[in-house]
Structure formats: structure tokens, C-alpha cells
Amino acid sequence: MRLHTLLRPLALALAVAGLSACGGGTAPSQPAAAAPTAPTTPAAAPAPIKVGIALGGGAAKGFAHIGVIKMLEANGYAPAVVSGTSAGAVVGALYASGMNAFDMQEKAVALDEAKIRDLQLSSGGLVVGKKLEDYVNEQVGRKTLEQMAKPFVAVATRLEDGERTVFARGNTGQAVRASSSVPGVFQPVTIGKYHFVDGGIVSPVPVDAARQLGADVVVAVDISNKARGKTPGDMLGTLGQSIAIMGQKLGEAELARADVVIRPQVLDIGPADFAQRASAILEGEKAALAAMPQIRERIAQLQAERARAAQLAQEKVREAEYKACLEKRSSLQKLAGMAGMDDSCAATPAK
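All of these numbers come straight from a predicted model, not from anything done at the bench.

A. Quick look at helix α6 (residues 172-179). Of all the eight residues making up α6, seven are buried; the element is thus mostly covered by neighbouring parts of the structure. Within the span of α6, buried status applies to Thr-172, Gly-173, Ala-175, Val-176, Arg-177, Ala-178 and Ser-179.

Printed below as a string of C-alpha cells:
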């Protein structure tokens, strides 16, 4: 403060001397330097939040996914990326191809089971799965996975070594078929030199796959069977519950990495109970509506975090611009600034 007081008269004297020199008629030997520009960088808008949906396996329970997507769309949170396992891969493929939830509901109501079920006695399984593959390809307009309107992946299990396999390229129907091939029911699907079965064994609800697609907020939909102390009443139920038990620990760990988990109340719907499709869709709607406050809260939290990060980044940019502006001033301007008489860099950095 004392230095500022001492320098102010000196700066005034130098400024007057400079003006006097200009009034004396002596032409300057060099043109005057342009005044430095004050910082004017506009604030950058935070990137939009990308919602991803991870659709789990559960055979006929999978119709509930349609109800969940319907409510997300209705509330302005249409998923930007989609991952699916087993039944979730079927719904996910249709949605990612460009259909909305109402389109899918119409397809579900009109679905004839005979179109997706091709029985054949075989040591590998009772259902070949080619009809399911053809049905999916027909519904998506024969688009490959990389041609989808929304980024989409289907998760399957490699039979040779149990590796989780994420299909992101190639034949959509074939990838969905591989993801849906319940061991003992569907015959394993051969792709290249490997064989693939239901993805529910290694990733019942593919949260990580949705995150890998770039989702900021992952909404997971869990419709898997849970061991409830009851013996399943048929072979499909037994197989479904066995797969659920095998993937339960892995599934719990992966579900913990989701931002929001939605669990439609569809445990009483059997794996082949297609007659309950309307009920499953309704349960999906109800569960999604119940989860909406949690989804809004998580998105708002992430938006606030991004806005703060953008603000901090902007403050750093302005501070750097301000310092650069100060350095560009002439010696006379710097002296005048010390005396509080130079405002060429008046746009001081935000604090």
C-alpha cells in the first residue's frame, strides 16, 4: 500500500511528461503500441447428460422393459445408448433401431410366439433360435449393429472359456440370438470359431456395457429370477433360476455400478408366459415412475457437478487471459496501473 502511494506521484509525473513531449511537436520515432485487449472469453456450456439403459434378461418378463422405456421417454429421459442381455437384447435391438416405446408395445401385442420359436430335438437344446434371429433382423430393417439409430450392444457368454462377450458390430439378429441362447433350451450359436450362450451367466444386467458406450447416467432394469425358497414348476423355470443363481454374485457387483436400478414386479411371470405381456409392460411403467425422482436427482447432481467444473475451467482461462493482458502493457501503462490509472485490463478474473 505504501509503495502504491509513493509510486502514484511518479506515475502522474511520467504521464504528464509523456503528454508534454507529445505537445512539443516532436514526432515519435515509433508508432504507439495498441492497447492490450481485456479478457472476453465466453463461458462454455456444460456437456449434456447422456442417459444409458441396461436391460437385463428374464425371458417373457422382458416385456417390462417396454414399460420402463415408455416412462423414460414420457419424462424427457429417452436413453441415448442401450445395452441388453437375453430378453433385454431383444427389446434393446428394437429400440435402438429407431422404434419408440409405443411402436414396441404394438409389436409386443401382435407377436406370435410361433415366429420366434423353432423346435428341434438336439443335444445342444430344444430351440434352434434361427427364427428369433430372423424376426429381430426383420424388425430392425436388417440394420447391422453399427447402423443402429442409437448405439447398442448385446452381451453373450463365450462357451469355450466363459468370457463375457459384447457384440457391437455385425449381424444384429445373430448377436441377439447369441445373447438369448439359454443353455439347455436354445442351441449354442456359432460365430466364427466360438460358440455363444445366454449373456445372463456373466452379465445379467449389462451396466458396464452401457457405461462403455458413453453413458453418464446408467439406468439398470433388473427382471431376473430370484431364489425365493420355492421350487420352479417347470423346466424353463428351473433353468432360468439356475442361470440367475449362477450370475447372482456377478450381477450384484455390476448392478452396484449403476446410477439407478429399476426392478419391475414381474417375478410371478413365468419365462414362457407370453400371455402376461400386457401385465409385464404395466409393471415396467409403474416401476419406472416410482424411480423417476431418483433419476431426476442423479441427473441434476451430475449437471451441477459439470456446471461447477465448467465454471472453474472458465475462471482459469480468464485468469490466464488477464495475466497475459497485463504482460502486454507498455511500461507507461504498467506504471499507470500501479497508480490505479490504467484500466486496459479491467475485466479482472472471476473469483
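Having seen the model, we can carry on.
B. Expanded view of the packing of helix α3 (residues 87-96) against α6. The N-to-C vectors of α3 and α6 enclose an angle of 160 degrees; their axes lie 8 Å apart at closest approach. Relative to α6, α3 is oriented roughly antiparallel. Here α3 runs over α6; the crossing is right-handed. Across the interface between the two elements, Ala-89, Val-90 and Ala-93 from α3 touch Thr-172, Val-176 and Ser-179 from α6. Classifying every residue of the contact of α3 with α6 by side-chain character gives four nonpolar, two polar and no charged.

C. Here's a closer look at the nonpolar core. Counting 64 residues, the largest nonpolar core has Ile-262 and Ile-295 as its most contacted members. The element best represented in this core is helix α10 (residues 277-328), accounting for nine residues. Sequence-distant contacts of Ile-262, that is, excluding residues within four places in its chain, are made with Val-68, Val-219, Ala-220, Val-221, Asp-222, Ala-287, Ala-288, Ala-291 and Ile-295. One finds Ala-54, Val-81, Ala-220 and Ala-258 within the second-largest nonpolar core, a separate group that totals ten residues.

D. Expanded view of the side chain of His-65. Tracing the backbone shows His-65 in helix α2 (residues 64-74). Residue His-65 is classed as buried on the basis of its relative accessible area, which comes to 0%. Apart from the residues within four sequence positions on either side, His-65 is in contact with Leu-55, Gly-56, Ala-87, Gly-88, Val-91, Val-221 and Ile-223.

The rules behind the values
Residues numbered from 1 in each chain as written. Predicted model: local features only at pLDDT ≥ 70, side-chain atom pairs only at ≥ 80, totals over all residues. Heavy atoms only, no water. Buried < 20%, exposed > 50% of the residue type's maximum accessible area, 1.4 Å probe, protein only. Helix = DSSP H or I, 4+ residues; strand = E, 2+ residues; numbered from the N terminus. Axes fitted to C-alpha atoms, helices over the stretch in contact; angles between N-to-C directions. Parallel < 35°, antiparallel > 145°, perpendicular 65-115°, else oblique. Left-handed = near helix turned anticlockwise from the far one by under 90°. Contact = heavy atoms within 4.5 Å. Nonpolar A, V, L, I, M, F, W, Y, C, P; charged D, E, K, R; others polar. Core = buried A, V, L, I, M, F, W, Y, C linked by side-chain atoms within 4.5 Å.

Function cannot be inferred from these measures alone, as they are strictly geometric.
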